[in-house]
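Notes for the structure review
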Amino acid sequence: MEKNNLLDLMIDQHALLEALFFIFKDNAKQASENCQRALSDLLWETRKHFFVEEEAIFNFLAWNDPLISDIIKELKEEHVQMINSLAKMGYALAETSDKDMESFYNLLKSHRETEEKDLYPVLDKCLTEGQKEQVIARINQVVIKK
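Residues numbered from 1 in each chain as written. Predicted model: local features only at pLDDT ≥ 70, side-chain atom pairs only at ≥ 80, totals over all residues. Heavy atoms only, no water.

Regarding the overall build of the protein chain
Check the secondary structure of the protein chain and you find 5 helices and 0 strands. Listed by position from the N terminus, the elements making up the protein chain come as α-α-α-α-α. The globule rule puts the C-alpha radius of gyration for 146 residues at 15 Å, and the 16 Å found for the protein chain is close to it. Along the three orthogonal principal directions, the C-alpha set of the protein chain runs to about 50 × 30 × 20 Å. Taking all 146 residues of the protein chain together, 45% fall into the buried category. Relative to all contacts within the protein chain whose residues are 6 or more apart in sequence, the contacts with residues 24 or more apart total 81%. A total of about 8,500 Å² of accessible surface is found on the protein chain, and carbon and sulfur atoms cover 52% of it. Where the 18 positive side-chain charges of the protein chain centre and where its 27 negative ones centre are 3 Å apart. (Helix = DSSP H or I, 4+ residues; strand = E, 2+ residues; numbered from the N terminus. Rg over C-alpha atoms; globule rule 2.2 N^0.38 Å. Buried < 20%, exposed > 50% of the residue type's maximum accessible area, 1.4 Å probe, protein only. Contact = heavy atoms within 4.5 Å. Areas by Shrake-Rupley, 256 points an atom, 1.4 Å probe, with all protein chains shown as cover. Lys, Arg positive; Asp, Glu negative; His and termini not counted. Charge placed at Lys NZ, Arg CZ, Asp CG, Glu CD.)

Okay, structure coming up:
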């Protein structure tokens, strides 16, 4: 079923990223090909998701509302933190601790909550139907793993 609002579309993508994180975490104690593949999948899908958010949503309009602008600024900074954290884990997988995993997951979870509670419901209300259609069409052009 095709989604017609940003919140529902992003909830699906966030659920995927969380599932991929748990697959990686479950495999992380083994220095195996499965662990490397799980991390690679997580990093790849996370990068695509962040591209979608930043290019199709965050940069869609010059957000004049200071609340929206502040939230987007913080979310973009968190995107960089999460990508760097995943890359660091990939470079030193054997040294990745449970604390590193927990730290990443806590950021992922709080990031998701901010988007799903404070940003996407607001954008769904303030964008016109035409603008939402344009944003959703752009989002759907980037294939996210199912």
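Moving on from the coordinates now.
Describing the packing of aromatic side chains
What the rule picks out here adds up to 4 aromatic pairs. Considering the side-chain rings of Phe 21 and Tyr 105, the 5.3 Å spacing of their centres and the 15° angle between planes classify their relative orientation as stacked. With Phe 21 in helix 1 (residues 6-27) and Tyr 105 in helix 4 (residues 98-126), this pair connects stretches of sequence that are 84 residues apart. The exposure classification of Phe 21 matches that of Tyr 105, with both residues buried. (Phe/Tyr/Trp six-rings, centres within 6.5 Å; stacked < 30°, edge-to-face > 60°.)

Comments concerning the pattern of salt bridges
This model, assessed by the stated rule, comprises 6 salt bridges. A salt bridge links Lys 73 to Glu 77; its shortest N-O distance comes to 3.6 Å. Here Lys 73 and its partner Glu 77 are both found in helix 3 (residues 66-91), 4 residues apart, which amounts to about one turn of the helix. With a relative accessible area of 39%, Glu 77 lands in the partly exposed category. A single salt-bridge network, built from bridges that share partners, covers Glu 18, Arg 112 and Glu 116. (Salt bridge = Lys/Arg side-chain N within 4 Å of Asp/Glu carboxyl O.)

Focus: the packing of helix 1 against helix 2 (residues 33-58)
Viewed as axis vectors pointing N to C, helix 1 and helix 2 meet at an angle of 160°, and their least axial separation amounts to 8 Å. In this view, helix 1 runs roughly antiparallel relative to helix 2, as classed from their interaxial angle. At the point where helix 1 passes helix 2, the crossing takes the left-handed sense. Of the residues in helix 2, those in contact with Leu 6, Met 10, Gln 13, His 14, Leu 16, Leu 17, Leu 20, Phe 21, Ile 23, Phe 24 and Asn 27 of helix 1 are Asn 34, Cys 35, Ala 38, Leu 39, Asp 41, Leu 42, Glu 45, Thr 46, His 49, Val 52, Glu 53 and Ile 57. (Axes fitted to C-alpha atoms, helices over the stretch in contact; angles between N-to-C directions. Parallel < 35°, antiparallel > 145°, perpendicular 65-115°, else oblique. Left-handed = near helix turned anticlockwise from the far one by under 90°.)

Some remarks on the packing of helix 2 against helix 4
The packing of two helices is summarised by the inter-axis angle and the distance between the axes. The N-to-C vectors of helix 2 and helix 4 enclose an angle of 25°; their axes lie 14 Å apart at closest approach. Judged by the angle between their axes, helix 2 and helix 4 are roughly parallel. Considering how the two elements wind past one another, helix 2 and helix 4 form a crossing that is left-handed. In this structure, helix 2 uses His 49, Phe 50, Glu 53, Ile 57 and Phe 58 to contact helix 4, whose residues at the interface are His 111, Glu 115, Leu 119, Tyr 120 and Leu 123. For the contact of helix 2 with helix 4, a count of residues per class yields 6 nonpolar, 2 polar and 2 charged. (Nonpolar A, V, L, I, M, F, W, Y, C, P; charged D, E, K, R; others polar.)

Concerning the nonpolar core
One finds Leu 6, Phe 24, Ile 57, Leu 119, Tyr 120, Leu 123 and Ile 139 to be the most contacted residues of the largest nonpolar core, which totals 44 residues. For this core, the elements supplying multiple residues, two or more each, are helix 1, helix 2, helix 3, helix 4 and helix 5 (129-141). Among the elements that make up this core, the one with the highest residue count is helix 2 (10 residues). Those residues in contact with Ile 57 that sit more than four places away from it in its chain are Leu 6, Met 10, Val 52, Trp 63, Tyr 120, Leu 123, Val 135 and Ile 139. (Core = buried A, V, L, I, M, F, W, Y, C linked by side-chain atoms within 4.5 Å.)

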